[in-house]
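Here is what each chain is made of, one letter per residue.
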Amino acid sequence: HTGPQSAPIPPFPADFTWGVATSAYQIEGAAFEDGRGPSIWDTYCRTPGKVLGGETGDVACDHYHRWAADLDLIQSLNLNAYRFSVAWPRVVPQGRGPVNKAGLDFYDRLVDGILARGMQPHVTLYHWDLPQALQDQGGWANPDVQHWFAEYALTVYGRLGDRVASYATFNEPWCTAELGYHVGRHAPGIQDLRTSLLASYHIQLAHGRAVQALREQNTTAELGTVLNLYPVDAASDDPEDEAAARLADAKINRWYLDPVFRGVFPSLAVEHYGAAMPDVDLAALAVARQPLDFLGVNYYFRQWVSRDGVSRAGPPTPGTERTAMGWEVYPEGLYRLLTDLHRDYPVKKYYITENGAAFDDQIVGGEVRDEARVRYLRTHLSELRRAMHAGVPVAGYFAWSLMDNFEWAFGYSKRFGIVHVDYDTQQRTLKDSAKWYRDFVTGRRAARPVAR
Ligand code: PNW
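These lines cover the structure that appears in this document, whether it is placed above or below. (Residues numbered from 1 in each chain as written. Predicted model: local features only at pLDDT ≥ 70, side-chain atom pairs only at ≥ 80, totals over all residues. Heavy atoms only, no water.)

1. Here's the deal with the pattern of salt bridges
- Enumeration over the complete set of coordinates arrives at 35 salt bridges.
- For Glu28, the salt bridge is made with Arg90, and the minimal N-O distance between the two is 2.7 Å. In this pair, Glu28 sits in the loop between α1 (24-27) and α2 (40-45) while Arg90 sits in helix α4 (residues 88-91), placing the two residues 62 residues apart along the sequence.
- Taking relative accessible area as the criterion, Arg90 reaches 1% and is therefore assigned buried.
- Glu321 is the partner of Arg375 in a salt bridge, and the nearest nitrogen-oxygen pair spans 2.9 Å. Of the two residues, Arg375 sits in helix α13 (residues 371-389) while Glu321 sits in the loop between β9 (309-311) and α12 (332-344), which places them 54 residues apart along the sequence.
- Given a relative accessible area of 30%, Arg375 falls into the partly exposed group.
- Salt bridges sharing common partners tie together Lys101, Asp105, Asp108, Asp112, Arg159 and Arg163. (Salt bridge = Lys/Arg side-chain N within 4 Å of Asp/Glu carboxyl O. Helix = DSSP H or I, 4+ residues; strand = E, 2+ residues; numbered from the N terminus. Buried < 20%, exposed > 50% of the residue type's maximum accessible area, 1.4 Å probe, protein only.)

2. Description of the sheet that holds strand β4 (residues 166-171)
- If you trace the eight strands once around the closed barrel, you get β1-β2-β3-β4-β5-β7-β10-β13, paired in parallel fashion. Each neighbouring strand pair of the sheet contributes to a mean axis angle of 25°, computed without reference to strand direction.
- By the bridge criterion, three bridges tie strand β10 (residues 350-354) to strand β13 (residues 394-400) in an arrangement that is parallel. Bridge pairing in β13 links Ile352 to Tyr397. (Pairing = 2+ DSSP bridges. Axes fitted to C-alpha atoms, helices over the stretch in contact; angles between N-to-C directions.)

3. A short note on the nonpolar core
- If you look at the biggest cluster of nonpolar residues, it comprises 152 residues, and the most contacted ones within it are Trp41, Trp140, Leu384 and Tyr437.
- The contacts of Tyr437, once residues within four sequence positions are left out, are Trp18, Gly19, Val20, Leu79, Leu377, Leu381, Tyr397, Ala399 and Ile418. (Core = buried A, V, L, I, M, F, W, Y, C linked by side-chain atoms within 4.5 Å. Contact = heavy atoms within 4.5 Å.)

4. Thoughts on the packing of aromatic side chains
- One pass over the full model with this rule turns up 45 aromatic pairs.
- Ring centres of Phe261 and Tyr345 lie 6.1 Å apart, and the angle between their planes is 50°; on these two criteria the pair is classed as tilted. Of the two residues, Phe261 sits in helix α10 (residues 239-262) while Tyr345 sits in the loop between α12 and β10, which places them 84 residues apart along the sequence. Both residues of the pair, Phe261 and Tyr345, count as buried.
- An aromatic cluster is present here, built from Tyr25, Trp41, Tyr44, Trp128, Phe406, Trp408, Tyr412 and Tyr423 joined pairwise through their rings.
- Of note, Arg386 hangs over the ring of Tyr335, and the distance from its end group to the ring centre comes to 3.8 Å. (Phe/Tyr/Trp six-rings, centres within 6.5 Å; stacked < 30°, edge-to-face > 60°. Lys NZ or Arg CZ within 6 Å of the ring centre and 35° of its normal.)

5. Topic: the site of the ligand
- Around the ligand, 18 residues are found, and the nearest of them are Gln26, His127, Tyr230, Arg312 and Glu407.
- Gln26 has a polar side-chain atom sitting 2.7 Å from an oxygen atom of the ligand.
- One nitrogen or oxygen atom from the side chain of Glu172 is found 3.1 Å from an oxygen atom belonging to the ligand.
- Its free accessible area being 460 Å², the ligand has 96% of it covered by the protein chains.
- A class-by-class count of the residues in the shell around the ligand yields 10 nonpolar, four polar and four charged. (Near = heavy atom within 4 Å. Polar contact = N/O pair within 3.5 Å; in protein donor to acceptor, adjacent residues only side chain to side chain. Areas by Shrake-Rupley, 256 points an atom, 1.4 Å probe, with all protein chains shown as cover. Nonpolar A, V, L, I, M, F, W, Y, C, P; charged D, E, K, R; others polar.)

6. Describing the pairing of strand β3 (residues 120-126)
- The element β3 is extensively covered by neighbouring structure, given that six of its seven residues are classed as buried.
- Pairing between strand β2 (residues 81-85) and β3: five bridges, direction parallel. The partner of Arg83 across the bridge, within β3, is His122.
- Where β3 lies against β4, four bridges are found, and the strand directions are parallel. The residue bridging His122 from the neighbouring strand is Ser166, located in β4.

7. Structural notes on the environment of Val91
- Within the secondary structure layout, Val91 lies in helix α4.
- Take Val91: its relative accessible area is 0%, and that puts it in the buried class.
- Taking C-alpha positions, Val91 is 25 Å from Ala409, a pair spaced 318 residues apart along the chain.
- When residues no more than four places from it in sequence are discounted, the contact partners of Val91 are Val86, Pro98, Val99, Asn100, Leu104, Tyr107, Tyr152, Thr155 and Val156.

8. Some details on the environment of Ser401
- Within the element layout of this structure, Ser401 appears in the loop between β13 and β14 (419-422).
- Between the alpha carbons of Ser401 and Gly19 there is a distance of 9.5 Å; along the sequence they are 382 residues apart.
- If we ignore the near neighbours within four places in the chain, the residues touching Ser401 are Ala21, Thr22, Phe416, Gly417 and Ile418.
- Polar contacts involving the side chain of Ser401 include one to the side chain of Asn405, which spans 3.1 Å.

Below, the structure is given as structure tokens:
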């Protein structure tokens, strides 16, 4: 390769955060152990027709038992950070009320294990596994959920405290509201626009209340949130397609950015929803706007929009590469996304909290030659570095994901890992992409981190 995308990537800052990311339900397994309560994903997976092959997270990567070896693996990649999520139903089995000490013990061991290996834990408090008991009371559609969530955040903080360098409240609230409550392709599988809008509103309030509650503890940890964001392109320069693209940007990106950074919903989208808007107190949304230390950006692909709707396809362009999810590989989108974001919502610090791809990996003779994923990582890191050069203060990058895992409605059929998992034996095998990432990071890290 001699093209521009193979040009050497300039150095990253010596203190750059290099990590991998996972989430609790996707890797832990042990769904009924040590007092964990049921979550909406346990229920959803048992609803016929919802998850491919009827698969569940009951065992997943068995990380609940294999956490120490998994941390060794991350350390062996020379990374200095690990992003994981805490399962609310492990910590508070009924969502509110009695705390499950054994659940907190697990995360306590995990955090100590990360620190002992010279890495920093980055915790996400909510990555989609709501306690079923709270769903039975309406879940994110119940206004009380803001208080339940803030209480849960304090419970986690009370145990893990400032050993955790970085806390994010939510992972991708768009997925919860839109996929969970509108199109119904994620738990809890509700299909109702008004309920979905109500859920997104309460998630904003919950975010604000949790940040307030944690600040009151005088935490020294940095606080932020994680959004899935997309460059949005009109399918043509027809004014109707362009108007549709502006609206899609308001519904997908700004619906989540504006409350957190401006305390409001974007008026373009509010007007569009019109009569579908639930009866909410928009003035109360101001609580969602709390000073944040960082914004986590999950980047996967761009959205193509025409007057007929939103799609991932776009106008047919020869040579466009797609992942096993059918997602367009579009590295330049990361540059565009970050530079636009920093222009419109300047934040002092960004992390790329997720970026990665599923491909149809084959393990042959003990090796996984996932050159498409190597190319994916390299080109996205190149565009990330370019955005930093243009002035976007990005402090870290987390590859999604450490290892193949439970890909929600797709079950185990989609492999996003840089480490291959054999689900029969639970054996982990480094893919070529993991080795590439390790070598890339190793060349860019000044020294081994010092354990705290
Ligand atoms: C994210 N979309 O989910 C999640 O944070 C991860 O848990 C997940 O495994 C990963 O991306 C890969 O899918 C998304 O439809 C799910 O645009 C759906 C979408 C985006 C992100």
